[in-house]
Amino acid sequence: MKAAVTAHSKYTISDIDPRLYGSFIEHLGRAVYTGIYEPDHATADENGMRRDVIDLVKELNVPIVRYPGGNFVSAYNWEDGIGPKEDRPTRLDLAWHTSESNQVGIHEFAEWCVSANTEMMLAVNLGSRGLDEARNFLEYVNHSGGSEWSDKRIANGRKEPWDVKLWCLGNEMDGPWQIGHKTADEYGRLAHETAKAMRAFDSSLELVVCGSSNAHMPTYPEWEATVLDHTYNEVDYISLHMYFENRAKNTANYLARSIELDNYIGTVAGVIDYVKAKKRSSRNVYISFDEWNVWYHSKERDKATLAGANGWPHAPALLEDDYNFEDVLQVGCILNTFINRADVVKIACLAQLINVIAPIMTVPGGPAWRQTIFYPYYFASVYGRGTALKLMVDSPTYKVDDLGDVPYLDVSAVHDADKKTVTFFIVNRHGTETLDLDASLLEFGALRVIDDQVVAHADLNITNTADKPDNVVAKAVTGTSFADGKLSARIAPLSYRMIRLQA
Amino acid sequence: MKAAVTAHSKYTISDIDPRLYGSFIEHLGRAVYTGIYEPDHATADENGMRRDVIDLVKELNVPIVRYPGGNFVSAYNWEDGIGPKEDRPTRLDLAWHTSESNQVGIHEFAEWCVSANTEMMLAVNLGSRGLDEARNFLEYVNHSGGSEWSDKRIANGRKEPWDVKLWCLGNEMDGPWQIGHKTADEYGRLAHETAKAMRAFDSSLELVVCGSSNAHMPTYPEWEATVLDHTYNEVDYISLHMYFENRAKNTANYLARSIELDNYIGTVAGVIDYVKAKKRSSRNVYISFDEWNVWYHSKERDKATLAGANGWPHAPALLEDDYNFEDVLQVGCILNTFINRADVVKIACLAQLINVIAPIMTVPGGPAWRQTIFYPYYFASVYGRGTALKLMVDSPTYKVDDLGDVPYLDVSAVHDADKKTVTFFIVNRHGTETLDLDASLLEFGALRVIDDQVVAHADLNITNTADKPDNVVAKAVTGTSFADGKLSARIAPLSYRMIRLQA
Amino acid sequence: MKAAVTAHSKYTISDIDPRLYGSFIEHLGRAVYTGIYEPDHATADENGMRRDVIDLVKELNVPIVRYPGGNFVSAYNWEDGIGPKEDRPTRLDLAWHTSESNQVGIHEFAEWCVSANTEMMLAVNLGSRGLDEARNFLEYVNHSGGSEWSDKRIANGRKEPWDVKLWCLGNEMDGPWQIGHKTADEYGRLAHETAKAMRAFDSSLELVVCGSSNAHMPTYPEWEATVLDHTYNEVDYISLHMYFENRAKNTANYLARSIELDNYIGTVAGVIDYVKAKKRSSRNVYISFDEWNVWYHSKERDKATLAGANGWPHAPALLEDDYNFEDVLQVGCILNTFINRADVVKIACLAQLINVIAPIMTVPGGPAWRQTIFYPYYFASVYGRGTALKLMVDSPTYKVDDLGDVPYLDVSAVHDADKKTVTFFIVNRHGTETLDLDASLLEFGALRVIDDQVVAHADLNITNTADKPDNVVAKAVTGTSFADGKLSARIAPLSYRMIRLQA
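What counts and how
- Numbering of residues starts from 1 in every chain and runs along the sequence as written.
- Naming scheme: in the order in which they are written, chains are lettered from A and ligands are numbered from 1.
- Per-residue local features of the predicted model are confined to residues with pLDDT of at least 70, and side-chain atom pairs are confined, for both listing and counting, to 80 or more; whole-chain, interface and lining totals are unaffected and use all residues.
- Values shown for side chains rest on all heavy atoms present in the structure; no hydrogens or waters enter the calculation.
- UniProt positions are given in the numbering used here, feature names are shortened, and annotations may be inferred rather than shown by experiment.
- Each helix corresponds to a stretch of at least 4 residues labelled H or I by DSSP, and each strand to a stretch of at least 2 residues labelled E; elements are numbered beginning at the N terminus.
- All radius of gyration figures rest on C-alpha atoms, and the globule criterion is 2.2 Å times the number of residues raised to 0.38.
- Relative accessibility under 20% of the residue-type maximum defines a buried residue, over 50% an exposed one, and the middle range a partly exposed one, all with a 1.4 Å probe and only protein chains included.
- Note that accessible areas follow from Shrake-Rupley with a 1.4 Å probe, and for residues the cover is restricted to the protein chains shown.
- Positive charges are assigned to Lys and Arg, negative charges to Asp and Glu, while His and the chain termini are left out of the count.
- A single reference atom marks each charge: NZ on Lys, CZ on Arg, CG on Asp, CD on Glu.
- Contacts were defined at the residue level, with two residues in contact if any of their heavy atoms lie within 4.5 Å.
- When two parts are brought into contact, each loses some accessible area as probed by a 1.4 Å sphere; the total of that loss over both is the buried area.
- What makes a salt bridge here is a side-chain nitrogen of Lys or Arg within 4 Å of a carboxyl oxygen of Asp or Glu, nothing more.
- Contacts described as polar in this section are N or O atom pairs within 3.5 Å, which, within protein, must combine one atom able to donate a hydrogen with one able to accept it, while residues neighboring in sequence count only if both atoms come from side chains.
- Residues were grouped as follows: Ala, Val, Leu, Ile, Met, Phe, Trp, Tyr, Cys and Pro as nonpolar; Asp, Glu, Lys and Arg as charged; and all remaining residues, including Gly, as polar.
- All axes are obtained by fitting lines to C-alpha atoms, using only the stretch in contact for helices, and the reported angles, taken between N-to-C directions, cover 0 to 180 degrees.
- By convention, the crossing between two helices is left-handed when the near helix turns anticlockwise from the far helix through less than a right angle, and right-handed when the turn is clockwise.
- Marked domain ranges trace back to an automatic or database domain assignment.
- The atoms used to superpose the copies are C-alpha atoms, taken from residues with pLDDT of at least 70 in both, and the fit is least squares.
- A helix is expected to reach a length of 1.5 Å times the quantity of its residues less one.
- One bridge is not enough; two strands pair if DSSP finds at least two bridges between them.
- The pairing test for Phe, Tyr and Trp rings, Trp by its six-membered ring, is centres within 6.5 Å, and the orientation test on the planes gives stacked under 30 degrees, edge-to-face over 60, and tilted for anything in between.
- Placement of a positive charge over a ring is assigned whenever Lys NZ or Arg CZ falls within 6 Å of the ring centre and within 35 degrees of the normal to the ring plane.

Chain A is annotated in an unreviewed UniProt entry as non-reducing end alpha-L-arabinofuranosidase of Rhizobium altiplani. What UniProt states about chain A under its Subunit (unreviewed entry) heading is, verbatim, "Homohexamer; trimer of dimers."

Set out below in structure tokens:
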């Protein structure tokens, strides 16, 4: 089976915002406790943070981490997480039916971000709280000193403000499951007034307003239109979330879901344009796709805890999806979609980073290890920085009921002008046939293949485990050639591939 | 004058929820201070609670007591009532223009309930407060321990949670007099989000949403439709209130008001059905008629205090209606209505229990005594448990302008299958004629009259007083017979009657 | 050029509420710090208040001072300003991008008012806060004692309550710039519920609800109609604001703006009548014009600070308009308009009093001095008490595009029946011609001219300064005569004039 791609150095989509490869840590399950934080662990640093986890996060080169939620944030009192640890209250987390010890708060997380070489993307609570607590939190985090809350931060051991620029105005406020759920009008008004107060502190903040929790919400996309109508001139991004599942075990259909993602992004981009025109505004709003991942493997297991049958445990195992090889392909397709929509999607956060629907897993008191989906995320994050290329793709297709023709070839390409590299990220959706791929690379000069990595496995359902963490890994491929301006590669059925060329 | 009743053991209305005979104690007037609580009283227990009052409450077998309000709750900070008594703040109660010393709070009231052999029905403040304080109060009252608020309860001397299941989402929120009054949409949204957060703590809670304060509110019954539209799937009961008055001193009209009550219940039952269908819901919502009583005798006396002319007194005499014999008949008819509507009315609270429009009165430093209305409430509460029977009633009637034909005979009957008893509660509304009552009792087997009590007096305006507490009491009646499946009884004009039969 | 005026002792507009000559001090710029409060100043009293400033304020006979804002109030926590000064927090004021040390709070301001022989007009925060904090503040300020907040006041050194009767329900809530801006419906609801709670404390309070921030707001005058529809029966005044500017340096147009002010007042008076009828109400609502002044000279200077370019300075120079002689004429016309609308405008506040768009300026560590506009405000406040007379005015006019025919003669007259005085306040708007004024004074008896003061200068742009504070002052005029019931006066072009007659 043949497929052809044409790329031209001047035909670009957009520079890629590095934050397209962001992630997310919520006070949920074991993301924080026994995830990033485990003071008794052999690798724990002076802050009680696991160095083995930090090393894996650094390996992924994560640009930003969203924090502290998620649903958690909608009833979170940020002040609970400051001051002496022994004085911090234990709270009942109504979102996940667990106890929160508050041993990790903004100070600990900020320190961890420095260690993990990443930046904070913070969320204020617009569920149980509002404008007033948001301005105090902002002052605590970003003000230099000489005011009530900034002086408390200093008294709590942090002299310099963290100067976090990227703030989420609540989380999934369209979701009826949210503590303090709002209608689009209620939320739009609250988000607008909160945004105004935050900008009155610092007009250079970048603010993220909540869009739809998924494209199947009954309020989608009217939610976006209404919320942006209230907030357009005070926000910079609108947040979208989407999770992928393959309960029906229909691989062809499953791997086509990134087309749905693409449609979702396109629709919301259209809503943004509509409101921009309505407001006669010259400023742009972009998409922050700040929760995305495969999430379905663990849902049955979590039901008892979420229903309260286990009481109020602290940091129980929750949302610990065991990712299989099939999910590598899905994550590859999702990342390709973001790269190909880099003109409107500026921020995206793999949800989440540690233990909770995560590429990195930990054993309490034991090792940290890489799930299967670690690999496509790794390749995109590490090698996907630069300019997204506008590809002309000619691929055979298959039919999917709700999506029409779906190409077997899923591909994106990133040009790094400084390093003179072009990197292709490829998924072959075909179950049995190899794709003979010809990629014409115009106006890039003579290139050579400098790296060619594949993630593939005969068993779609194979997972990595703590004991066997290397069932699915990336492997080098040989034999891919570049000649006469053309890359020729054979893409195995149901495989993920990264091919890098350099001038 | 003749009247006939037919009862059949299989033709039932519903099992009666024992909470149909609940009552209510508000921080208002002398209900709490010098009512239940009077540390210097000769009968005071170790908690400062009057034992004489407790004994009378136990005599009434009160199943639940609603607390702490009423209008009071809409500006109440529940935390004011915890911790060392000497540290508790005195607050100005804007609802009743009094001072609140907070010497009684949730701990003291809970202890009292144990002593009085009753259960708590608690209300959260949705007037001046919202979701966040409600979840904290709930955690304080019901969580076992290991969290901020539950640990404070333990520190304040109560290890075991009280595990209160029945909670009111504010009080009379349709009333413009309410502190923090809401429109139906405002309240519906707030009640819904608060209910969700409370259920996230414990999905087995029973939640009561506010309906109309009376059937003459301009927003009735649209209020019910709107509020239930917002909240239907998160609440279990909708609260109704109604007070009865006879300012015109027209007994015939006054005693017909229970027909108005019946219509009110019927209308709201219809609204519930309507919203249930609209929501395609399979769950039921019932009525909590959690304030009802005669209330008009004392209103003129209270005006000065309520207008602030007396400053901010602590526990002044307020709403101390002196009930007369006529009110016995009214209360009898009301209770009959609840029994006959036991299919939709599951909870009802006589408002209130002590001193404030109450069956039990106290003299500070002196005795506690029974008002006239103590008796019909006593008979219904003590003997009205079981299954409400669907009676076919054939009675002569009289005309009332707004209600049409009103039967002279007002009656309900309760079957206790375990005790093999059938109990009739009867009021003869006729001013001068005795009712010759024939009651056919089908499929109950052979019965005999085991108790026959009447409350009657020649003077409709006679009251009980501290000095003469026995002007109106119940007296045994003889001569009532059961033969050939038929009870034959003579019901004196303007009398209240309870007749019990047993197999 | 000739002009004629007819006055009759029985043809009156209304008694003038003395509060028509109120002013305003906001925690803004140097109004408070180095304005009224400068503990190190040579004239500082035992409270750290400048006596030289107090003397000037007393000279103006200011009846009320609105406090503490203005935009400031919409994120102000009044509790920050009580208790030991060293414990008070420093807050970031988001309205003016400054730091607030809270060294002056309600106690200090109240003491100052006593010293300055004026009364407090207080505002509650309905931006970031609501009903609950408002009722607490009210209790702190006005309750005699024996409750939580009143006892705190006493503990903080003030035994007697201040018993402030006049309260503003927030500030400029129609303005999108306001922290916690509300829509008309949102604000109307919040103001209504807050007003109810405040009146439940003291039904004799006078409450001021926010109208439009100016007549060019897109929501004007629908805002007034909506807000009053929510609040009519709980408020006493609706607040209007207006500032005047002459950026185009077109004196004729500038001095005609008081006609616009008159139209604005007339429209809102009409809205009040409309809502009064709609509510079938018998009570009246009046206008509190609680911010007015010339404001444009300093705006360019303030931009950097307001945009945050100077960080968060404490008490920087802000809104320090240097008033010129032209502004004397404008202020004279504005005050004439209020006097002539004294039937509907009961309260008006010159915004502001010290340093911030103010008649009184201070040099830190140096003198206090009078701006040009001090004089017309002084004459109106000191001599404008009594009854506003309905004048028949016959004056030549000139055309102004948006206003039509504008009379050259701007005049008001106040009759003090006790002192038997009639006082004229006059502005000649003509640039070059003297007005020969004949004023017929019917039924006042024989009068004589007892005072005749002019404020005039050849240079419209001349200002007073700290060094030359007497460039513009009032000067006595001679030659004005009263004979045969007629006052004859020559009013110089572009001059302000006060003429007093006495029987």
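What about the overall build of chain A?
Counting its regular elements, chain A contains 11 helices and 26 strands. What you see for chain A is a C-alpha radius of gyration of 22 Å, in line with the 23 Å of a compact globule of 503 residues. Along the first, second and third principal axes, the C-alpha atoms of chain A reach 65 × 60 × 45 Å. Across the 503 residues of chain A, 64% fall into the buried class. Only carbon and sulfur atoms are counted for the fraction: they give 48% of the accessible area of chain A, which is about 17,300 Å². Distance from the positive charge centre (49 side chains) to the negative charge centre (69 side chains) of chain A: 3 Å.

Considering the interface of chain A and chain B
Taken together, the contact between chain A and chain B spans 19 residues of the former and 15 residues of the latter. Of the roughly 1,400 Å² buried at the junction of chain A and chain B (both faces included), carbon and sulfur atoms supply 50%. Where chain A touches chain B, the interface holds 1 salt bridge. We note a salt bridge from Glu 186 of chain A to Arg 189 of chain B, for which the minimum N-O separation is 2.7 Å. Our enumeration of links across chain A and chain B arrives at 7 residue pairs in polar contact (both at pLDDT 80 or more).

Re the interface of chain B and chain C
The interface of chain B with chain C comprises 19 residues on the first partner and 15 residues on the second. Carbon and sulfur atoms supply 50% of the area buried between chain B and chain C, which totals about 1,400 Å² over both sides. At the junction of chain B with chain C, the criterion picks out 1 salt bridge. Summed over the shared surface of chain B and chain C, the number is 7 residue pairs in polar contact (both at pLDDT 80 or more). Here the residues of the side of chain B that touches chain C are counted per class, giving 8 nonpolar, 8 polar and 3 charged.

Notes on the packing of helix α6 (residues 222-231) of chain A against helix α8 (residues 257-278) of chain A
All names here are of chain A. Following both chains from N to C, one finds α6 and α8 inclined at 35°, their axes separated by 9 Å at the closest point. Considering the relative orientation of α6 and α8, their crossing is right-handed. Packed against α6, whose contacting residues are Glu 224, Ala 225, Leu 228 and Asp 229, the element α8 presents Val 268, Val 271, Ile 272, Tyr 274, Val 275 and Lys 278 at the interface.

Examining the domain arrangement of chain A
Residue and element names in this part refer to chain A. Taken as a whole, chain A is organised into domain 1 (2-10 + 388-502) and domain 2 (17-385). Look at where the C-alpha atoms of domain 1 and domain 2 centre, and you get two points 29 Å apart. On the domain 2 side, the residues contacting the 40 residues of domain 1 number 36 residues. Between domain 1 and domain 2 lies a buried interface of about 3,000 Å² when both sides are counted; carbon and sulfur atoms form 67% of it. Interface area lost by domain 1 to domain 2 is led by Leu 403, Leu 460 and Tyr 496, which between them contribute 18%. Across the domain 1-domain 2 interface, the total number found is 12 residue pairs in polar contact (both at pLDDT 80 or more). Broken down by element, the side of domain 1 that touches domain 2 gets its largest block of residues, 6 residues, from strand β19 (residues 409-416).

Here we look at the relation of the copies chain B and chain C
Of the transformation placing chain B onto chain C, the axial shift is 0.0 Å and the rotation is 120°, giving an RMSD of 0.0 Å. Here the two chains are linked by the operation of a three-fold rotation axis. In terms of C-alpha distance to the rotation axis, chain B has Glu 186 of chain B as its closest residue, with the C-alpha 6.2 Å off the axis.

Considerations on the UniProt feature "domain: Alpha-L-arabinofuranosidase C-terminal" (unreviewed entry) in chain A
When the UniProt feature table is mapped to this numbering, "domain: Alpha-L-arabinofuranosidase C-terminal" (unreviewed entry) covers residues 290-495 of chain A. Helix makes up 17% of residues 290-495 of chain A and strand 37%, whereas the separation of the span's terminal C-alpha atoms amounts to 26 Å.

Quick look at helix α5 (residues 184-201) of chain C
Taking 1.5 Å of rise per residue, 18 residues should cover 26 Å, and α5 of chain C covers 25 Å from first to last C-alpha, within 8% of that figure. For α5 of chain C, the tally of buried residues reaches 16 of 18 residues, placing the bulk of the element in the interior.

What to know about the side chain of Thr 387 of chain B
All names here are of chain B. Position of Thr 387 relative to the elements: it lies in strand β15 (residues 387-389). By relative accessible area, Thr 387 is classed as buried at 17%. Within polar-contact distance, the side chain of Thr 387 engages the side chain of Asp 15 at 2.9 Å. In this structure Thr 387 touches Thr 12, Ser 14, Asp 15, Ile 16, Ala 413, Val 414 and His 415, once residues within four positions along its chain are discounted.

Some points on the sheet that holds strand β3 (residues 22-24) of chain A
Residue and element names in this part refer to chain A. The strand order around the closed barrel built from 8 strands is β3-β4-β7-β8-β9-β10-β11-β12, with neighbouring strands paired in parallel fashion. Ignoring strand direction, the axes of neighbouring strands in this sheet form an average angle of 30°. Inspection of the sheet shows strand β7 (residues 119-124) paired to strand β8 (residues 166-169) by 3 bridges, in the parallel sense. Within β8, the position partnered with Leu 122 by the bridge is Trp 167.

Observations regarding the pattern of salt bridges
This structure, assessed with the given rule, holds 105 salt bridges over all chains. One salt bridge connects Asp 452 of chain C with Arg 497 of chain C, and the closest N-O pair in it is separated by 2.7 Å. Here Arg 497 of chain C lies in strand β26 (residues 495-502) and Asp 452 of chain C lies in strand β22 (residues 448-455), a separation of 45 residues in the sequence. You can call Arg 497 of chain C buried: its relative accessible area is 3%. The structure contains a network of salt bridges with shared partners spanning Glu 186 of chain A together with Arg 189, Glu 193 and Lys 196 of chain B.

What about the sheet that holds strand β11 (residues 286-294) of chain B?
All names here are of chain B. Read around the closed barrel, 8 strands run β3-β4-β7-β8-β9-β10-β11-β12, paired in parallel fashion. Ignoring strand direction, the axes of neighbouring strands in this sheet form an average angle of 30°. As judged from the 2 bridges shared by strand β3 (residues 22-24) and strand β4 (residues 64-67), these two strands associate in the parallel manner. The residue bridging Ser 23 from the neighbouring strand is Val 65, located in β4.

Side note on the packing of aromatic side chains
Tallied over the entire structure, the rule returns 69 aromatic pairs over all chains. An angle of 85° between the planes, with centres 5.3 Å apart, marks the rings of Tyr 220 of chain B and Tyr 264 of chain B as edge-to-face. Here Tyr 220 of chain B is found in the loop between β9 (206-210) and α6 (222-231), whereas its partner Tyr 264 of chain B is found in helix α8 (residues 257-278), with 44 residues between them in sequence. In this structure an aromatic cluster arises from ring pairing among Phe 374, Tyr 375, Tyr 378, Phe 379, Tyr 383 and Tyr 496 of chain A. Over the ring of Tyr 286 of chain A we find Lys 346 of chain A, and its NZ or CZ is 5.2 Å from the ring centre.

Here we look at the pairing of strand β25 (residues 486-491) of chain C
All names here are of chain C. Residues Leu 487, Ala 489 and Ile 491 line the buried face of β25, whereas the alternating positions Lys 486, Ser 488 and Arg 490 sit on a face that is not buried. Bridging between strand β24 (residues 481-483) and β25 involves 3 bridges; their strand directions are antiparallel. Paired with Ser 481 across the two strands is Ser 488, which belongs to β25. Taking the residues between adjacent antiparallel strands as the criterion, β24 and β25 are bridged by 2 residues, where Asp 484 takes a positive phi near 55°.

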